[in-house]
Structure formats: C-alpha cells, structure tokens
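Examination of the molecular architecture
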Amino acid sequence: MKVMNPRKTNNTFMYYFVLFVCGFVLMEGCLGQNQTTEIKVGVVLDLHTSFSKLCLTSINISLSDFYKYHSDYTTRLAIHIRDSMEDVVQASSAALDLIKNEQVSAIIGPRTSMQAEFMIRLADKSQVPTITFSATCPLLTSINSPYFVRATLDDSSQVKAIAAIVKSFGWRNVVAIYVDNEFGEGILPLLTDALQDVQAFVVNRCLIPQEANDDQILKELYKLMTMQTRVFVVHMPPTLGFRFFQKAREIGMMEEGYVWLLTDGVMNLLKSNERGSSLENMQGVLGVRSHIPKSKKLKNFRLRWEKMFPKKGNDEEMNIFALRAYDSITALAMAVEKTNIKSLRYDHPIASGNNKTNLGTLGVSRYGPSLLKALSNVRFNGLAGEFELINGQLESSVFDVINIIGSEERIIGLWRPSNGIVNAKSKNTTSVLGERLGPVIWPGKSKDVPKGWQIPTNGKMLRVGIPVKKGFLEFVDAKIDPISNAMTPTGYCIEIFEAVLKKLPYSVIPKYIAFLSPDENYDEMVYQVYTGAYDAVVGDVTIVANRSLYVDFTLPYTESGVSMMVPLKDNKNTWVFLRPWSLDLWVTTACFFVFIGFIVWILEHRVNTDFRGPPHHQIGTSFWFAFSTMNFAHREKVVSNLARFVVLVWCFVVLVLIQSYTANLTSFFTVKLLQPTVTNWKDLIKFNKNIGYQRGTFVRELLKSQGFDESQLKPFGSAVECDELFSNGTITASFDEVAYIKVILSQNSSKYTMVEPSFKTAGFGFVFPKKSPLTDDVSRAILNVTQGEEMQHIENKWFKKPNNCPDLNTSLSSNHLSLSSFWGLFLIAGIASFLALLIFVANFLYEHKHTLFDDSENSFRGKLKFLVRNFDEKDIKSHMFKENAVHNVSSPITQGSSSPLTDQSTPLPRSPEQYRELELRRVSSISSGELFTTQSEQVEDEESAIIQCEGE
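Residues numbered from 1 in each chain as written. Predicted model: local features only at pLDDT ≥ 70, side-chain atom pairs only at ≥ 80, totals over all residues. Heavy atoms only, no water.

This next bit is on the overall build of the chain. Broken down by element type, the chain carries 31 helices and 31 strands. Partitioning the intrachain contacts of the chain with sequence separation of at least 6 by distance along the chain shows that 73% fall at a separation of at least 24. Here the chain displays about 48,800 Å² of accessible surface, and carbon together with sulfur accounts for 55% of that area. (Helix = DSSP H or I, 4+ residues; strand = E, 2+ residues; numbered from the N terminus. Contact = heavy atoms within 4.5 Å. Areas by Shrake-Rupley, 256 points an atom, 1.4 Å probe, with all protein chains shown as cover.)

This part is about the packing of helix 14 (residues 492-503) against helix 23 (residues 773-786). Where helix 14 contacts helix 23, the two axes come as close as 8 Å, and the packing angle between them is 105°. The angle between helix 14 and helix 23 places the two elements in the roughly perpendicular class. Along the contact surface, helix 14 presents Ala-499, Val-500 and Lys-503, while helix 23 presents Val-778, Ala-781, Ile-782, Asn-784 and Val-785. When the residues that make up the contact of helix 14 with helix 23 are grouped by side-chain class, the tally is six nonpolar, one polar and one charged. (Axes fitted to C-alpha atoms, helices over the stretch in contact; angles between N-to-C directions. Parallel < 35°, antiparallel > 145°, perpendicular 65-115°, else oblique. Nonpolar A, V, L, I, M, F, W, Y, C, P; charged D, E, K, R; others polar.)

As a further point, take helix 8 (residues 214-225). For helix 8, which comprises 12 residues, the first-to-last C-alpha distance of 16 Å matches the rise-based estimate of 16 Å (1.5 Å per residue) to within 8%. Along helix 8, the residues classified as buried are Ile-217, Leu-218, Glu-220, Leu-221, Leu-224 and Met-225. Here the buried residues of helix 8 occupy an arc of 165° about the axis, which is enough to place them on one side. Turned more than 90 degrees off the buried face of helix 8, the exposed positions are Asp-215 and Lys-219. Along its buried surface, helix 8 packs onto strand 6 (173-179), strand 7 (201-208), strand 8 (231-235) and helix 9 (238-250). Where helix 8 begins, the side chain of Asn-213 points an oxygen toward the backbone nitrogen of Asp-215, at a separation of 3.2 Å. (Expected span 1.5 Å × (residues − 1). Buried < 20%, exposed > 50% of the residue type's maximum accessible area, 1.4 Å probe, protein only. Arc of directions from axis to C-beta. Polar contact = N/O pair within 3.5 Å; in protein donor to acceptor, adjacent residues only side chain to side chain.)

Per the counting criterion, the structure on display carries 26 salt bridges. Notably, a salt bridge pairs Asp-535 with Arg-463, separated by 2.9 Å at the nearest N-O pair. Placement of Asp-535 in the loop between helix 15 (522-531) and strand 23 (536-537) and of Arg-463 in strand 19 (residues 462-467) is noted, with a sequence separation of 72 residues between them. Asp-535 gets classed as buried once you look at its relative accessible area, which sits at 14%. Each of Lys-40, Arg-82, Asp-97 and Glu-102 takes part in one network of salt bridges that share partners. (Salt bridge = Lys/Arg side-chain N within 4 Å of Asp/Glu carboxyl O.)

Here we take up the sheet that holds strand 17 (residues 408-416). The eight strands lie next to each other as 7-6-8-9-10-16-17-18, forming an open sheet whose pairing is mixed. One side of each edge strand has no neighbouring strand; the edge strands of this open sheet are strand 7 and strand 18 (420-423). Adjacent strand axes in the sheet meet at a mean angle of 30° when their direction is disregarded. Both strand 17 and strand 18 contribute to a ladder of four bridges, which runs antiparallel. Within strand 18, the position partnered with Arg-416 by the bridge is Gly-420. Strand contacts of helix 8: strand 6, strand 7 and strand 8, with the helix running at about 160° to strand 7, the strand carrying the most contacts. Its contacts with the sheet place helix 9 against strand 6, strand 7, strand 8 and strand 9 (259-262), and it is angled at close to 175° to strand 9. (Pairing = 2+ DSSP bridges.)

This part takes up the confidence of the model for the chain. Here the chain averages 79 in pLDDT, while 78% of its residues score no lower than 70. For the chain, the element scoring lowest by mean pLDDT is helix 1 (residues 6-32), at 40; strand 9 scores highest, at 96. Predicted confidence is poor over residues 1-34, with pLDDT under 50, and the contacts of this stretch with residues over four places away or in other chains come to one contact. Note on residues 429-434: pLDDT is under 50 here. Beyond four places in sequence and across chains, it has 12 contacts. (pLDDT = per-residue confidence, 0-100.)

For the rest of this paragraph, the subject is unusual backbone geometry. Cis geometry marks the peptide bond from Gly-109 to Pro-110, where omega comes out at 0°. The phi dihedral of Met-85 falls on the positive side, at around 55°, and the residue is not glycine. When you line up the elements, Met-85 lands in the loop between strand 2 (75-83) and helix 3 (88-102). Positive phi, close to 60°, is recorded for Lys-445, a residue that is not glycine. Residue placement: Lys-445 occurs in the loop between strand 18 and strand 19.

We now examine the pairing of strand 16 (residues 399-405). Along strand 16, seven of the seven residues are buried, which leaves the element largely enclosed by surrounding structure. The two faces of strand 16 match: Phe-399, Val-401, Asn-403 and Ile-405 on one face and Asp-400, Ile-402 and Ile-404 on the other face are all buried. Note: strand 10 (residues 286-290) against strand 16, five bridges, orientation antiparallel. Considered in strand 16, the bridge of Ser-290 is made with Phe-399.

Here the focus is the environment of Ile-421. With respect to the helices and strands, Ile-421 occurs in strand 18. The exposure class of Ile-421 is buried, given its relative accessible area of 0%. Counting along the chain gives 21 residues from Ile-421 to Asp-400, while the straight-line C-alpha distance between them is 9.4 Å.

Let's shift gears to the nonpolar core. Ranked by internal contacts, the top residues of the largest apolar core, which has 87 residues, are Leu-77, Ile-108, Leu-261 and Leu-332. Of all the elements, helix 12 (residues 320-337) adds the most residues to this core, at 13 residues. Looking at which domains feed residues into this core, each of domain 1 (37-153 + 298-349 + 357-393) and domain 2 (155-292 + 398-423) supplies at least three. Those residues within four positions of Leu-77 in sequence are excluded, and the remaining contacts are Ile-39, Val-41, Leu-63, Tyr-67, Ile-329, Leu-332, Ala-333 and Val-336. (Core = buried A, V, L, I, M, F, W, Y, C linked by side-chain atoms within 4.5 Å. Domains from an automatic or database assignment.)

Turning our attention to the side chain of Asp-400. Mapped onto the secondary structure, Asp-400 falls in strand 16. One buried charge, Asp-400, has no salt-bridge partner; the nearest side chain with opposite charge is Arg-289, at 4.8 Å. Of note is the side chain of Asp-400, whose polar atom sits 2.8 Å from the side chain of His-291. Apart from the residues within four sequence positions on either side, Asp-400 is in contact with Gly-287, Val-288, Arg-289, Ser-290, His-291, Ile-411, Gly-413 and Leu-414. (Lys, Arg positive; Asp, Glu negative; His and termini not counted.)

Next up on the list: the packing of helix 2 (residues 50-69) against helix 11 (residues 296-308). Close contact between helix 2 and helix 11 brings their axes to 13 Å; oriented N to C, the two are set at 120°. Taken together, the axis directions place helix 2 and helix 11 in an arrangement best described as oblique. The interaxial crossing formed by helix 2 with helix 11 has right-handed handedness. For the pair helix 2 and helix 11, the contacting residues are Leu-54, Thr-57, Ser-58, Ile-61 and Asp-65 in the first and Phe-301, Arg-304, Trp-305 and Met-308 in the second. Looking at the contact of helix 2 with helix 11 residue by residue, the class counts come to five nonpolar, two polar and two charged. (Left-handed = near helix turned anticlockwise from the far one by under 90°.)

So, about the UniProt feature "glycosylation site" in the chain. Here, the residues flagged by UniProt with the feature "glycosylation site" are Asn-34, Asn-60, Asn-355, Asn-428, Asn-546, Asn-664, Asn-728, Asn-748, Asn-784 and Asn-809. Tracing the backbone through its elements, the reader meets Asn-748 in the loop between helix 22 (738-747) and strand 30 (752-759). (UniProt positions renumbered as here; feature names shortened; annotations may be inferred.)

What follows is about the packing of aromatic side chains. Counted by the stated rule, this structure contains 44 aromatic pairs. An angle of 40° between the planes, with centres 5.8 Å apart, marks the rings of Phe-301 and Trp-305 as tilted. Placement of both Phe-301 and Trp-305 in helix 11 is noted, with a separation of four residues, approximately one turn of the helix. Considered together, Phe-301 and Trp-305 belong to a single accessibility category, that of buried residues. (Phe/Tyr/Trp six-rings, centres within 6.5 Å; stacked < 30°, edge-to-face > 60°.)

Along strand 21 (residues 487-490), the buried face is formed by Met-487 and Pro-489; none of Thr-488 and Thr-490, which line the opposite face, is buried. With four bridges joining them, strand 20 (residues 477-480) and strand 21 adopt antiparallel strand pairing. By the bridge assignment, Ile-480 is partnered in strand 21 with Met-487.

So, about the side chain of Ser-134. Relative to the helices and strands, Ser-134 resides in the loop between strand 4 (130-132) and strand 5 (148-150). The exposure class assigned to Ser-134 is buried, which follows from its relative accessible area of 10%. A polar contact is formed between the side chain of Ser-134 and the backbone oxygen of Pro-110, at a distance of 3.4 Å. A polar atom in the side chain of Ser-134 sits 2.6 Å from the backbone oxygen of Arg-111. Look past the residues within four positions of Ser-134 in its chain and what remains in contact with it is Phe-51, Pro-110, Arg-111, Thr-152 and Phe-321.

Within the secondary structure, Ala-123 is located in helix 4 (residues 113-126). Residue class for Ala-123 comes out buried when judged on its relative accessible area of 0%. Sequence separation of Ala-123 and Tyr-147 is 24 residues, and the distance between their C-alpha atoms is 6.3 Å. Apart from residues lying up to four places away in sequence, Ala-123 is in contact with Val-128, Thr-130 and Tyr-147.

Quick look at a nonpolar patch on the surface now. Taken together, the side chains of Val-594, Ile-619, Phe-623, Phe-627 and Met-630 present a nonpolar region at the surface, about 420 Å² in accessible area. Considering each element in turn, the nonpolar patch owes the most residues, three residues, to helix 17 (residues 615-628). Inspection of the secondary structure puts Ile-619 in helix 17. (Patch = residues over 30% accessible without salt bridge, like charges linked within 9 Å, V, L, I, M, F, W, Y side chains within 5 Å.)

Printed below as a string of structure tokens:
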C-alpha cells in the first residue's frame, strides 16, 4: 500500500482553493457589471399622520423619478420604513433598530424637532448621516453633530422677516405666543434679538401646552385680552394653532385693533387642517411662509400630484415639506453614487452581553464620513428651490408675506435677506410706512393700520402712584376720605395729567394709589413702576438720568432747572451810584479820559493858544477838556484836523458809556429796590454756609456732587419750613427746582429772590414702564396741553402771582456793566488816538528833517533839545497864527509899537537870506543854552514880519 505524502496533499488542496477563490472573484466581477449595489436608507416618520403620508408619497415619487432618469447609476437606495408613533422614545428606538439590525447608511427623518435630538446623538455615535426635512428648531444646531443634516430652513431664518413687518408698521411692543416645548422655545431668543434690532420688544410671553385643551387655551386668551399690547406673534404646530384661533374668534379677539403675525410653522401647513377649514377663523392675520420659486419641474410635479389625488381634500394638499422630502431623496441618491462602496460596512465593538439593544454594541459605519462629504458637495435646483448645504443646512431663503382674506392666501410682499421687504407687485423697497407691503385687510375687515395697543376696557384700570406730601400741596395733594377710605388727589400735576388723558384718542381710566414714605423718597416711588407695582406715577417727579435707566418719562410739562433762593436786603447804599459799572470799567474809563486829554494837548499845543501858557495852565486845560466831554461842555476850540478826529471818536464812546450808565442806574432805583445777600453759590462752599434743600428730592445728591459738605445741608418739607430756616438764621440760601421756588416766592415775594445761574434739569414728567406704548401718546398729548390756553388757566389757578411781586426771571447774579461789554469801543478810541499821534509825529519830524540830518558838530542830545524846544513854540505856519500876524500888521497899535530887539517903531522886513541867517543864529544859541524868553519872542515877531512881507 502506497502511503501519500501529507505535505503534497496540502499543497494540492491549497492550489484548488486558490483557483476557486479567483474564479469566484472573477465571476462576481463579471456579474457586477450588470448589477447595482443596494444602499440601505432608513425612514422614520409618524406614519399615522397625514403629514407623514404626504412626505412618504413624495419620497417614493422622488425615487421613481430619479432612477428613471439615471438608469445608468450603479447604486440604488433601498428604503426601510419605521413608525415613530408620534413619540420621542419610539422615534429613537426606531433609529436604533435601523442602525443595529438593518445597518442603514443614512436615515431620513424624523418628523418633529423633539424626536430629532436623541436621534442626532445616535447618528453621531454611529456616524450615520441623519437628514431631516421638517425639524426646524434652532436648538438642534447646538448639538454640533456633523452627521446631522437639515435639508430645510430652521426657524432662525424667519425672525428677521417678522421683525421687518413689525418695523414696517411702526409697532414697538409684541407678545410672543408659542408652544411649550423645544419647538416653541427655540425661536424665542432669536425673535427677541431680531425685534430689538428694529427697536421693538417682546413685552410678554404666552406658553400654550402641546396637549392643551380648550379651557386652557381660553384661559390664556383671556389673559391676553387684559394686556395693552395688541400685536401677537404666534409660533406653534398647525393642529394646535387652528384650535387656538378658533377660540380667539369665539371670544372676540379677531376683531378690529388686533394684530396677529404667524410664523411659517403654521403658514406652511395652513391648508392641511385635519379638523376642517381654518381660514374663516384667521381672517386678517399676517404670516410668513417659505417662498417656493416657480419652475417647469415644479409645475409638472403639481400636475402629477393632482392626477394622483383627483378628489384631494385638506389631507392631500401638497406643502413645502413634501417638496423638501422629494429634494432630500434626490440629494442622497446623487451623493451615494459619488461615494466609494468599498467602505459600505460597519465596525462592531466587542459585545458585553446578549442584549441586542445595548448601546455599547452599537456599530460604527465606515461609509458614513464619505457619504457626508459627498452630500455636502451636492448642488441642484430642486422642487423647493436651490439645494445647497452650508454647514449642514440650507441657507436662509426668501419668505412670502401673506395676508389671509376670505378663502385666499394673498401674497402682499416678499422678504429677502439682502434688501428686506419688497412689495409683491412693485418689487422695489421704500422707507414710507406701510408702503413696503401691499394693501392689508386687518381683523374685523379694517383697512386702517392698528396702532398695536390699547387700554383694555374689560381689564384692570391704569394703576397710578401718587406721592403723599407734607408740603408744596399745590403740586400734589393726596386727600383720603376717612369714611370711604377713597383717595381724591388734587393739585397742579393731577390736573395736568387728567387734561392730558382727555387729549388721548382712546379712554384711559386711572386708579390712583397713594405712595406713603416717611422721607418722601421719590426714587423709591419711581422704582415701584419698574417692579410692576404701578402702571404709572404722576406727581412732581423730576426727569433725571439715574431714574431713566429703569423707567420711561414723558416730555416735561414744567420749567427746568435748579436755582438758588436767597433773602433780600435793602439796597440803601451811599455809593450806589458806583454800582452800574464794574471796577475795571471805572478804571479803564478814567485812564482813557487822561489819555485822550494828553493826545489832544499834543495835537493842539503848537497851533492852539487855548493849549499854551504856563505848565499848570496847560495841564489843567487838558484835564478839563477831556472830562468835560462827558456832558459835551468843553469850550476850548479844537483847530487841528487830527485832534478833531480823535475828539469825534471819543465823543461817540462817551455817548455810549453815559447812556449805558444812565440806563443801568435807573434800573437800580426803579426795579431793584432790594438786592440779594448772596449772588455766587461757590461762596457758600468757600465760607462753609448752611443751605437748605427739599426733603426727598434729588437736589441733595446734586449739591453733594457740586462740593457741598453733608453738614451744610439742611432739609425742609414745605415753604413754611423753608421760611422758618431763613428766619432763625439756620440757612443762608436754599436750592430747589424753579417750580418750587416760584411757589415760595409767590408767598414771600418781598423777602426772597431767585438767583441764577441754575443747574440744568429736564423738569417734571410722568413716569411709565420701559417701552410702554402710553409714553409716546401721553407725550404728544402734553404738547397739545402746554401749547394751548388750558395750560395758562391751570397755572393761574394753582400759582397765582401777587401784583406786587417782582419779576422772578430777573437775573440778580450779575448787575454791573463790565469792561467786556465795551472793550470794542475803547479799542476803537485807542486805535484812532495812536493813529493821529503817529501822523502828527511823522509830519513834525519831516518838517525838521534838515535838523535831524545836519552833519554839523551838534550832538544827538542837542538835536533832541532843539526838537523839544521847537515843539514847545508856536507853529507860525499854522493858519491860526497867520491870521494873527495879518491883524497885527494892519493894526495902528501894532504899527506904533517898538520891537524890543531893534528898538524901532516898525518891524523891518528881511530878505530870505536874512531869514536864514537869523535861523542859524537861533540854532547856535539854542545849542549853547543862551536863548532867553525875550529872544524867543523877538524871533517870533521877526518871523511874523517875514511872513507878512512874503505875503505882500
């Protein structure tokens, strides 16, 4: 028997095994050329809802259409459907089953945002892309899973469209109504931010439970009726929304004055009401809905859809989610064709038991990452518009603005992310209110734009806080009836407020509530509006910055400012005549009198005999001439043109000064019979004087900020207490608002006065909560009251001024006329004087240039003495002395007199050569200092004779 070699047998087996494997691979390759690869895709939907049935139908049509036109594709999607049964847990269980047991490559679904959260986490763990076409909650994005693909728009894309509508009609406050789950709560922060960007605010929120019954809905609606705001933004599922509007119509909240804005959560499924028609309950509402661009492909699809459902009802109405389900399958089919199927498998961890639902044994898809990458690169024009994923979701798109009228959904505008709202017909934007949208029919078939709020007649009255004061009851006096305990407030502020309410275009019924505070703390009272204890505060409340941080004020209705009040003292003063001018003006005027007198003397000394003679005579004449110009009583002639020019300018300056002095002095004796004891508030700080302020007001903090010490501040509560503090010498001055000071002065006009300047404040205003719609309307009504005659009647009623009361607006802080008021006049006079002096000096030096430029041995000192002496002498060339010389020659007395120099009866005429010789002799005598007065007079007589001869 032959024994076989074991080693040879093994080699033969291996040879045949390799041949078998190679043959099998070759056969599989040949067969693969004619077969397609099946890609398992799971679908998780609520199969018992009409919504899911429509979407599932659209998915099947999409598969049929796609592979009809792409028969050459080597991949095919195999759909595995699971029912989530409208339950969050069941939806997650269905997804887990598809991943573990079917090992799907992708999941389509789920239907709602609540079902999606745990499914997204399963997909992230197993790397299976989950594609949703109907989960729109923005909170799902926070999971940050790359395997979550949103083939639809999330709700954050529509909040700017809603905000644009609110801005277009000028509404400032809205109430958000939303379902109490992740779907409803996810949009609220984004809606709040979008409204704030257009200066509108969510002032109230209304949460409706998902499974709310009719009684719960009515309870919330009745709460809304008691609110002032009438603009409501509704975000909830359609089934709940339809019941909500049915009840709102039943209780009268679909009438004129109401505004309802619907998100696309309701508008996209408006015709899919499972309980019957809903449009009749929603007449006049506005809403936004994703815009579906028209295309030939969409038109053909609609025709096919209508053939499939020839007698379709509301359950078979096609919606945008069905279109996006169609596009999602198309995008997935395109992506799997571009993905390498070699990675089409799961990696399974080691099982820790026999439990097949243990998440620890959940497999990881090797195919998922490449499929996700291919899906992100898919771009095409689908039925719902352009399909392109940016960061795992569709980009923000265009929204239709819809107005429900009758049985129609009228598109009145479009909103685009690039340019906002455009008119549906004109296609252009405009900033005019309401023109960005087409004509709107509002609830109650009204065509007038609702103002967005109103005082509810069946709600609570306006709770108005009133301060209880101990003094200054002219402003507010909260009188409480001891029997009925009812309060009837009176006073200036109350009467203004009630006059304002009458000007409003609607009825507001105030309910006054007394605010009791031991220290009359107005800041605490204003804060009660912020906390909601009051709807408003009416009284002598000043508009200040720190209060405006948490409340709103209307326009002021009183004068503004904080001033100082001081006692008056008698104005009997011996030196009262000096008060019209300040010290600097007195000194400057006196100096200019002396200066002008000196200038006139220089200009007139050589040509005017009135300004010649002994030195004391010349000084007296100059002073007399200058000061006599005050009353224009100067008798000296002015013969020089330069002097006349100076005197002319100076007389004008004197005229203005005298008239101003006279007017101010007159006011001292006619208006100001009394004067304040203090005019500068800084002196109070400097000398540590006590001052008063009204208790409970902001003036205390204002004074401390200006530098007053706490020990200097003395509070008072009424005008009587203030007068007592002044009378006993406790305070030197008091600070308060102008309105209060006027009240005190109306009672004590002869004892005190108001001194300016004042610290700026905004005056009294009415207080309302932040963003209250009443603020603007009341402010406009205040303007109507304050600018009419009614305001004057109210002021005369409460603050009647005595006939003998001085003018309270007279400023007492600065009574003097100062140099700053007239420096321009003095500047003109000074320039004119210096200009005249400069011309005179130039002419004088020019006349004696032969002396200045003489090359003789005379020193500069000698030349200067000559010029001074020559200035002191008469200018014989002046026409004044020429006339005198002519008179002297023709006079018999002159002809009979003898010259002291020649001792002859008549002066001898000299030739020009003799005159020049005489001049040389005089220059030499001056330089030697031997010239006497008699010689000077002799020379003058000789020069006069020479001029006479030349004239003949």
